[in-house]
Amino acid sequence: MTDTAAAGAAAQRIREFRMPDVGEGLTEAEILKWYVGPGDTVTDGQVVCEVETAKAAVELPIPYNGVVHELRFEEGVTVDVGTPIITVDTDPSAGPAAPAEAPAAGEAEPAPAEPEAAEEEEGAKRQPVLVGYGVGTASTKRRPRKQQGHVRDAQAAVQAEMDATTTPPAVAPTTEESVKPAAGRPLAKPPVRKLAKDLGVDLAVIVPTGPNGTITREDVHAAAAPAPSHEAAAVTGTAPEAAPAPSPARAEVPAPAVWSTGERERRVPIKGVRRATAQAVSSSAFTAPHVTEFITVDVTRTMKLVQELKQDPDMAGLRVNPLLLVARAFLVAIRRNPEVNAAWDEASQEIVHKDYVNLGIAAATPRGLIVPNIKDAQARTLPELARALGELVATAREGKTSPADMQGGTATITNVGVFGVDTGTPILNPGESAILAFGAVKLQPWVHKGKVKPRQVTTLGLSFDHRLVDGELGSKVLADIAAVLEHPKRLITWA
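The model shown is predicted, which means the values in this text are computed figures rather than measured ones.

What counts and what doesn't
Residues numbered from 1 in each chain as written. Predicted model: local features only at pLDDT ≥ 70, side-chain atom pairs only at ≥ 80, totals over all residues. Heavy atoms only, no water. Pairing = 2+ DSSP bridges. Helix = DSSP H or I, 4+ residues; strand = E, 2+ residues; numbered from the N terminus. Polar contact = N/O pair within 3.5 Å; in protein donor to acceptor, adjacent residues only side chain to side chain. Contact = heavy atoms within 4.5 Å. Phe/Tyr/Trp six-rings, centres within 6.5 Å; stacked < 30°, edge-to-face > 60°. Lys NZ or Arg CZ within 6 Å of the ring centre and 35° of its normal.

*Asks:* Where do I start with the pairing of strand E12 (residues 342–345) in this structure?
*Replies:* It is a general feature of regular strands that their side chains alternate between the two faces of the sheet. Sheet analysis places E12 next to strand E13 (residues 350–353), joined by four bridges and oriented antiparallel. Across the sheet, the residue bridging to Asp345 is Glu350, located in E13. Taking the residues between adjacent antiparallel strands as the criterion, E12 and E13 are bridged by four residues, where Gln349 takes a positive phi near 55 degrees.

Written as structure tokens, this is what we have:
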């Protein structure tokens, strides 16, 4: 068998499994866990890894039989959809497969150019013309022509700065002779000369500290300021007088402490559920004009009904809580005000009215906030709604919610009351027009039948998209929800 034929056979043996799009419109996924490693035998349909996509953890089955040849990515890496993540040797009996993506014999990659050589070549081509850019090496130097007046002064300053940039001055002992300016006109840039003139300072008496004996702005300011007594004594050679002891009022103030975070900060990559949540709420908050209305309602009768339902044989084994009746009240309000169950289609400039309700329930999970929804919630009986609600919450907490369960929502409930919060201003789930915040139920003084009595009270907050939900419609929806919770018998009379 020729080398070409062998390479073709090896290519047919090694099959790549690419990151699939496990949900509508997904572009990437993070590899959470590998269940196999190189050398492990796998069968068609066997789960090989768990990935996290748009807020959901999904297990991926391999569509091949064979032996794992290579894992392309480690756990915790985010991979684009369509990228190979694992290779499988589908014919391991034919012998060991060639290393993955090994370069062909005789092919050599061009060596990158040496950085130093490239820099030298680039430096040889450049002809610096700006101050501070650097001067190319030359075998000869042209003597500058003599010029008159300001032109000569400016040329001298520019040449001095160019020379200083090209060749750093050697460090020499700082003596009076070494810093004494050269005979003739002192070296200084035109702005420095103007500054000296404005301050009334003679450049001839200034000791320059700049490169190659140039006078800087700092030199001019130092010459204009009165010299301290101890420095004057050092110049004249006389001993300075003893300074009086500082008074307590003039004691030196300690320098402020420098704030350092050190190792008290942690940086966590934004990915997975957190990134998906951030993108969703940002898109919603800055696209749909939100309006939030609030209402405080006496839910004492609803809380009594919850206790009665827990004892009902038809609800045996089901989770009955106030959220269940809030969900039912929301569904009744949507049925009475169907225009709220709609979506704004910006692309087609249409309002999409929906004759079904996929009721979303915001759930806090170890991976972050997700919003799965109960499909066709409006058509379910109370026991069916309770069962679906319990399964939805349990699946979400286990991190097993599928992408399909989080698609197609029409309205959402967020139960902030479980955290002891009265209410909030929730942000709409993208593609929806209403979201209800259910606050904590607390015992409060309330006027009931003309007397102040302790009653169980909660506050509801409804956010809606003001592009398609007017204030009147939003108010009616919220008022209907409150009316049902205040008198739960309306679940029957309004059905």
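Next, the rest of the story.
*Asks:* What's the story with the side chain of Thr401 in this structure? I'm lost.
*Replies:* Mapped onto the fold, Thr401 is located in the loop between helix H10 (382–397) and strand E18 (411–414). Polar contacts involving the side chain of Thr401 include one to the main-chain amide nitrogen of Ala396, which spans 3.5 Å. Not counting chain neighbours up to four residues away, the residues in contact with Thr401 comprise Ala56, Ala57, Ile370, Pro372, Thr395, Ala396 and Met406.

*Asks:* What exactly am I supposed to notice about unusual backbone geometry here?
*Replies:* Keep in mind that most residues, glycine aside, have a negative phi and that most peptide bonds are trans. With phi around 55 degrees, Asn212 is a residue other than glycine that occupies positive phi space. Tracing the backbone shows Asn212 in the loop between helix H4 (190–199) and strand E10 (214–215).

*Asks:* I tried to follow the packing of aromatic side chains on my own but got confused; where do I start?
*Replies:* Tallied over the full model, the rule gives zero aromatic pairs. Over the aromatic face of Trp494 sits the side chain of Arg336, whose NZ or CZ is 3.8 Å from the ring centroid.

*Asks:* I would appreciate a short explanation of the environment of Leu428 in the present structure.
*Replies:* Tracing the sequence through the fold places Leu428 in the loop between E18 and strand E19 (434–438). Expressed as a C-alpha distance, the spacing of Leu428 and Ser463, which sit 35 residues apart in the sequence, is 7.0 Å. What Leu428 contacts, discounting residues up to four positions off in sequence, is Ser284, Ala288, His290, Ser433, Ala434, Ile435, Ser463, Phe464 and Asp465.

*Asks:* Would you mind going over the sheet that holds strand E3 (residues 41–42) with me for this structure?
*Replies:* Strand pairing in a sheet takes place through backbone hydrogen bonds and is either antiparallel or parallel in direction. Spatially, the four strands line up as an open sheet ordered E1-E8-E6-E3, and their pairing is antiparallel. The sheet is open, and its two borders are formed by strand E1 (14–18) and E3, each paired with just one other strand. Across four bridges, the pairing between strand E6 (residues 66–71) and strand E8 (residues 84–89) is antiparallel. Paired with Val67 across the bridge in E8 is Asp89.

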